[in-house]
Amino acid sequence: KAAKTLQQRTGCQLGAEIWLDKRLPMGGGLGGGSSDAATTLVALNQLWNTGLSSSELAEIGLSLGADVPVFINGFAAFAEGVGEKLVNVEPNQPWYLVLIPEVHVSTAEIFQDPDLPRNTAKVSLDALMSSEWKNDCQALVAKRHPQVAKTLDWLLEYAPSRMTGTGACVFGQFEQEQHAKDVLAKLPSSIQGFVAKGTNKSPLMLRLAQC
């Protein structure tokens, strides 16, 4: 869909064969699909020489999903609006242990749930970067999906546990890679997980800089 949308916008008649090695879970709240769409737009814009700017690609990306522009931007960012107003930021880049409960969470269903808080005060960038982050979706998803609540509780024994986006994945932050791996090794068989390094610049941007 991303490739065809770029063709339609630019009138490009070129094509591409695209393979996707899906590793991130569906319904995990990790932005895997949005990242795939963004990578497709950025890569084909380069390969097809369609010459669109990042802001033009982000406009196309927004039509595909609210999270696509931040991945096109390629930098850690503070997002406003529906995800299209971005300010680049440089948070710490620790190690993360990401856990995958055996459940698929629908973002649309969570956003439409009447119990989701609607009156949370807007948080400024300075306040966000200097205080503990909060996810309004976490309590609701944990209530609707016991697997998420159970995973949050398990990880809490080793690190502050939080949910990604609208879930279902749960993560903990670690300063040392080995510490994260040690906790991963203790996972019960009913939960899957992986360790990842935080980064403020996407691998795609680094790859394009080499071209």
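Located above this text is the structure these notes cover.
Residues numbered from 1 in each chain as written. Predicted model: local features only at pLDDT ≥ 70, side-chain atom pairs only at ≥ 80, totals over all residues. Heavy atoms only, no water.

## Brief notes about the packing of helix H1 (residues 2–10) against helix H3 (residues 54–64)
Inference 1: Following both chains from N to C, one finds H1 and H3 inclined at 130 degrees, their axes separated by 10 Å at the closest point. Relative to H3, H1 is oriented oblique. Our pair here, H1 against H3, has a crossing hand that is right-handed. Together, Ala2, Thr5, Leu6 and Arg9 of H1 and Glu56, Leu57, Glu59, Ile60, Ser63 and Leu64 of H3 make up the contact between the two elements.
Inference 2: Classifying every residue of the contact of H1 with H3 gives five nonpolar, two polar and three charged. (Axes fitted to C-alpha atoms, helices over the stretch in contact; angles between N-to-C directions. Helix = DSSP H or I, 4+ residues; strand = E, 2+ residues; numbered from the N terminus. Parallel < 35°, antiparallel > 145°, perpendicular 65-115°, else oblique. Left-handed = near helix turned anticlockwise from the far one by under 90°. Contact = heavy atoms within 4.5 Å. Nonpolar A, V, L, I, M, F, W, Y, C, P; charged D, E, K, R; others polar.)

## Focus on the packing of aromatic side chains
Pairs of aromatic rings are described using the distance from one ring centre to the other and the angle between the two planes.
Inference 1: Using the criterion set out here, one finds two aromatic pairs in the structure.
Inference 2: Judged by centre distance (5.8 Å) and plane angle (70 degrees), the ring pair of tyrosine 96 and phenylalanine 171 falls under edge-to-face. Of the two residues, tyrosine 96 sits in strand E3 (residues 95–100) while phenylalanine 171 sits in strand E5 (residues 170–174), which places them 75 residues apart along the sequence.
Inference 3: Both rings, one in tryptophan 154 and one in tyrosine 158, keep their centres 5.0 Å apart while their planes meet at 45 degrees; by these two values the pair is tilted.
Inference 4: Taking the ring centre of tryptophan 95 as reference, the NZ or CZ of lysine 197 above it sits at 5.9 Å. (Phe/Tyr/Trp six-rings, centres within 6.5 Å; stacked < 30°, edge-to-face > 60°. Lys NZ or Arg CZ within 6 Å of the ring centre and 35° of its normal.)

## Concerning the sheet that holds strand E4 (residues 161–163)
Inference 1: The strand order across the open sheet formed by four strands is E4-E5-E3-E6, and the pairing between neighbours is antiparallel. One side of each edge strand has no neighbouring strand; the edge strands of this open sheet are E4 and strand E6 (192–197). Between one strand axis and the next, the sheet turns through 30 degrees on average, direction left out of account.
Inference 2: Across six bridges, the pairing between E3 and E6 is antiparallel. Across the sheet, leucine 97 pairs through a bridge with valine 195, a residue of E6.
Inference 3: The sheet strands contacting helix H8 (residues 146–155) are E3, E4 and E5, and the helix crosses E5 at an angle near 15 degrees.
Inference 4: The strands that helix H9 (residues 177–184) touches are E3, E5 and E6; relative to E6, the one it contacts most, it runs at about 175 degrees. (Pairing = 2+ DSSP bridges.)

## Topic: H3
Inference 1: Along H3, the positions that sit buried rather than exposed are Leu57, Ala58, Ile60 and Gly61. Seen from one end, H3 has its buried residues packed into an arc of 160 degrees, which puts them on one side. Of the exposed residues in H3, the ones pointing more than 90 degrees away from its buried face are Ser55 and Ser63.
Inference 2: Elements that come into contact with the buried residues of H3 comprise H1, helix H2 (32–47) and helix H4 (68–73). (Buried < 20%, exposed > 50% of the residue type's maximum accessible area, 1.4 Å probe, protein only. Arc of directions from axis to C-beta.)

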